[in-house]
Amino acid sequence: MFTGIIEEVGEVRAREGGELVIACRTILEDVALGDSIAVNGVDLTVRTIGDDSLTFDVMPETFRRSNLGDAGPGARVNLERSVRPVDRLSGHIVRGVVETTCTLESLTPEGEAIIARYRPPAEYLPYILMKGPVCLDGASLTVMARDEESFSVSLVQYTQEHTNLTSRQPGDSINLETDLLARYVEQLLEARSQGT
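None of these values were measured; they are calculated from a predicted model.

Rules of the game
Residues numbered from 1 in each chain as written. Predicted model: local features only at pLDDT ≥ 70, side-chain atom pairs only at ≥ 80, totals over all residues. Heavy atoms only, no water. Helix = DSSP H or I, 4+ residues; strand = E, 2+ residues; numbered from the N terminus. Expected span 1.5 Å × (residues − 1). Buried < 20%, exposed > 50% of the residue type's maximum accessible area, 1.4 Å probe, protein only. Arc of directions from axis to C-beta. Salt bridge = Lys/Arg side-chain N within 4 Å of Asp/Glu carboxyl O. Pairing = 2+ DSSP bridges. Axes fitted to C-alpha atoms, helices over the stretch in contact; angles between N-to-C directions. Polar contact = N/O pair within 3.5 Å; in protein donor to acceptor, adjacent residues only side chain to side chain. Contact = heavy atoms within 4.5 Å.

1. Focus on helix H3 (residues 180–193)
Here comes step 1: With 14 residues, H3 should reach 20 Å at 1.5 Å per residue; the first-to-last C-alpha distance of 20 Å fits that figure.
Here comes step 2: Residues of H3 that are buried include every one of Leu-180, Ala-182 and Arg-183, and no others. Summarising the axial view, the buried residues of H3 lie within an arc of 165°, below the 170-degree limit, and thus occupy one face. Away from the buried face of H3 by more than 90 degrees, exposed residues Leu-181, Leu-188, Leu-189, Arg-192 and Ser-193 are located.
Here comes step 3: Among the residues trailing H3, Gly-195 stands out with phi positive, at a value near 75°.

What follows is the structure, given as structure tokens:
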């Protein structure tokens, strides 16, 4: 489990087949083999630890559902270690299970903030709620606007400086994890309406 508070922006050093090597520093401090690390919001398991990098094995399904398949050498990725029972939950509960990708539509300055607008596949939009949580490339954010085709979040200065979100360009693919509670409520109501 993760909080969506990005600890470091790492850099893809290599991606060959199912192997992904990420150059990093901060998250190396107390990492162990087998630990879970969110890479652009995807929960990956540490296979090897180098002096300045981590290596992960990535399944074909993960490449299909996320933007990691497009992340070649030099790509900047958001990194977060899994939450410990003694940590504060500053963002929201993030599973690290990317459901799909959405497309960055625009980045618009608004004072010191930047309004980022994204277009998800239509079937995922019902799980994106006004003022509800959403996870984009592993970053926990709050939905500030939503219409029939897209949603927007406001990126404060800290988020601009400590994630890869403002280095993206319109048309880029962004990993999306929707609100887990919205999905649970829908399943419970559906089961109740079917009498199960």
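Let's pick the thread back up.
2. Describing the pattern of salt bridges
Here comes step 1: A complete count under the given rule lists 13 salt bridges for this structure.
Here comes step 2: Between Arg-47 and Asp-57 there is a salt bridge whose closest N-O contact spans 2.7 Å. A residue pair is termed long-range when its members are at least 10 positions apart, and Arg-47 in strand E4 (residues 42–49) and Asp-57 in strand E5 (residues 53–57) qualify at 10 residues.
Here comes step 3: On the accessibility criterion, Arg-47 (35% relative accessible area) is partly exposed.
Here comes step 4: Of the charged contacts in the structure, one is a salt bridge between Glu-149 and Arg-119, with a shortest N-O distance of 3.0 Å. One end of the pair, Glu-149, is in the loop between strand E10 (139–146) and strand E11 (151–155); the other, Arg-119, is in strand E8 (residues 113–119), and 30 residues separate them in sequence.
Here comes step 5: Taking the relative accessible area as the measure of exposure, Glu-149 reaches 47% and is therefore partly exposed.
Here comes step 6: Put simply, Glu-7, Asp-30, Arg-81 and Arg-84 are held in one network by salt bridges that share partners.

3. Focus on the sheet that holds E11
Here comes step 1: One closed barrel holds the 6 strands; their spatial order is E7-E8-E11-E10-E9-E12, and the pairing between them is antiparallel. In this sheet, adjacent strand axes meet at a mean angle of 45° when their direction is disregarded.

4. Here we look at the side chain of Gln-160
Here comes step 1: Here Gln-160 lies in helix H2 (residues 157–162).
Here comes step 2: One polar contact links the side chain of Gln-160 to the main-chain carbonyl oxygen of Glu-112, over a distance of 2.9 Å.
Here comes step 3: Not counting the four nearest positions on each side in its chain, Gln-160 is found in contact with Glu-112, Ala-113, Ile-114, Leu-155 and Thr-166.

It is worth stressing that arrangement in space is one thing and function is another; only the former is reported here.
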